[in-house]
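Breakdown of the fold
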Amino acid sequence: MELRFDNVSLGYERSVILRDLTLSVHSGEIMGVVGPNGVGKSTLIRGASGVLSPRSGRVFVDRQDLRRLSLRRRAQIIAVVPQAVQLPEAFLAEDVVLMGRTAHLGWLGQESESDRHIARTVMEQTETLGFAGRQVGELSGGEQQRVLIARALTQEPDVLLLDEPTAHLDLKHQDEVLRLIRSLAKENELAVILTLHDLNLVARYTDRVALLSDGMIRKIGDAREVLTPEELAAAYGITIHVTDHPIHGTPLVLS
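Residues numbered from 1 in each chain as written. Predicted model: local features only at pLDDT ≥ 70, side-chain atom pairs only at ≥ 80, totals over all residues. Heavy atoms only, no water.

1. Notes on the overall build of the chain
Looking only at helices and strands, one finds nine helices and 12 strands in the chain. A compact globule built from 255 residues would reach a C-alpha radius of gyration of about 18 Å, and the chain, at 18 Å, matches this within 12%. Considering only C-alpha atoms, the chain reaches an extent of 55 × 45 × 30 Å along its principal axes. In the chain, the share of contacts with a sequence separation of at least 24, taken over all contacts with a separation of at least 6, comes to 66%. (Helix = DSSP H or I, 4+ residues; strand = E, 2+ residues; numbered from the N terminus. Rg over C-alpha atoms; globule rule 2.2 N^0.38 Å. Contact = heavy atoms within 4.5 Å.)

Pasting the structure below:
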């Protein structure tokens, strides 16, 4: 499985936000997308999901043009964990996760025992089964984020897109969520794109990094190739220092 942008430009109404995007993500790989606020990270996620159609170029999923796929088929192969979702507080966690089966349901829209089995299996994998019967409003931020990831995985996708999955989480829950995503990418052979603000988390948890600047991909490669003082200073407009993390050995970014 491959998700590929082929010379893609994206924008809204008369405004072009991103142009000439060319990148690919393969099964089992996590691509981290970074860059200054407003550079277009969320726009890239919308383009990858098919919510936003390219102004030019094409997006392919497993060699199929995304625009030629039905909405239902897109929902079956691409799952999105959007930024800052407000879940219905009275819903049970298990009911939220089961929503991921919507694209696979028949005309009656009723979950079968097979659908419930898939949801329970995913909840075991994401360690959310223990609070399946609790209301979402009772859950912590980290628990709610895992529920959202479980809902996405219940779609049985080939591609997983996450927009700032660690936003508003404390350090412990950031680590838990990103470890989970990394594990799932390998075990489920998912092609994953995630956007993050924290460059040190990107260095630790992604396989490759795409640095956006001035509406384009400035650099793409592994963390050591992309997260350099020169590239980051040019993208963010400030002096940035990079050294080796004393524990993980990954680039440690200091502003």
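2. A word on helix 5 (residues 141-153)
The periodicity of an α-helix, 3.6 residues per turn, causes residues three or four places apart in sequence to face the same way. In this model, helix 5 (13 residues) spans 19 Å end to end at C-alpha, consistent with the 18 Å of a helix rising 1.5 Å per residue. The buried fraction of helix 5 amounts to 10 of the 13 residues, a majority that puts the element mostly inside the structure. What helix 5 keeps buried is the set Gly142, Glu143, Gln145, Arg146, Val147, Leu148, Ile149, Ala150, Ala152 and Leu153. As for helix 5, its buried residues are in contact with strand 6 (78-81), helix 3 (93-98), helix 4 (113-125), strand 7 (159-163) and helix 6 (171-187). (Expected span 1.5 Å × (residues − 1). Buried < 20%, exposed > 50% of the residue type's maximum accessible area, 1.4 Å probe, protein only.)

3. Here's the deal with the sheet that holds strand 8 (residues 191-195)
In space, the six strands of this open sheet follow the order 6-7-8-3-9-10, with mixed pairing throughout. Edge positions in the open sheet fall to strand 6 and strand 10 (216-221), since each of these has one partner strand only. Adjacent strand axes in the sheet meet at a mean angle of 15° when their direction is disregarded. As paired strands, strand 6 and strand 7 are joined by four bridges and run parallel to one another. For Val80, the partnering residue across the bridge sits in strand 7 and is Leu161. Each of strand 3 (30-34), strand 6, strand 7, strand 8 and strand 9 (208-213) touches helix 1 (residues 41-49); the most contacted strand, strand 7, lies at about 155° to it. (Pairing = 2+ DSSP bridges. Axes fitted to C-alpha atoms, helices over the stretch in contact; angles between N-to-C directions.)

4. Considering helix 9 (residues 229-236)
For helix 9, the set of buried residues is Glu231, Leu232 and Ala235. Considered in projection along helix 9, the buried side chains sweep an arc of 95° and stay on one side of the axis. Among the structural elements, helix 7 (199-205), strand 9, strand 10, helix 8 (223-226), strand 11 (241-244) and strand 12 (251-254) are those in contact with the buried residues of helix 9. Where helix 9 terminates, the next one or two residues include Gly237, which has phi positive at roughly 75°. (Arc of directions from axis to C-beta.)

5. Quick look at the sheet that holds strand 4 (residues 56-61)
Taken in spatial order, the four strands make up an open sheet running 2-1-4-5, and their pairing is antiparallel. Each having just a single partner strand, strand 2 (15-26) and strand 5 (64-65) make up the two edges of the open sheet. As judged from the two bridges shared by strand 4 and strand 5, these two strands associate in the antiparallel manner. Note on strand 5: the bridge partner recorded for Val61 is Gln64. Along the sheet, helix 1 makes contact with strand 1 (2-12), strand 2 and strand 4, crossing strand 1 at roughly 120°.

Honestly, it's all geometry; don't read function into it.
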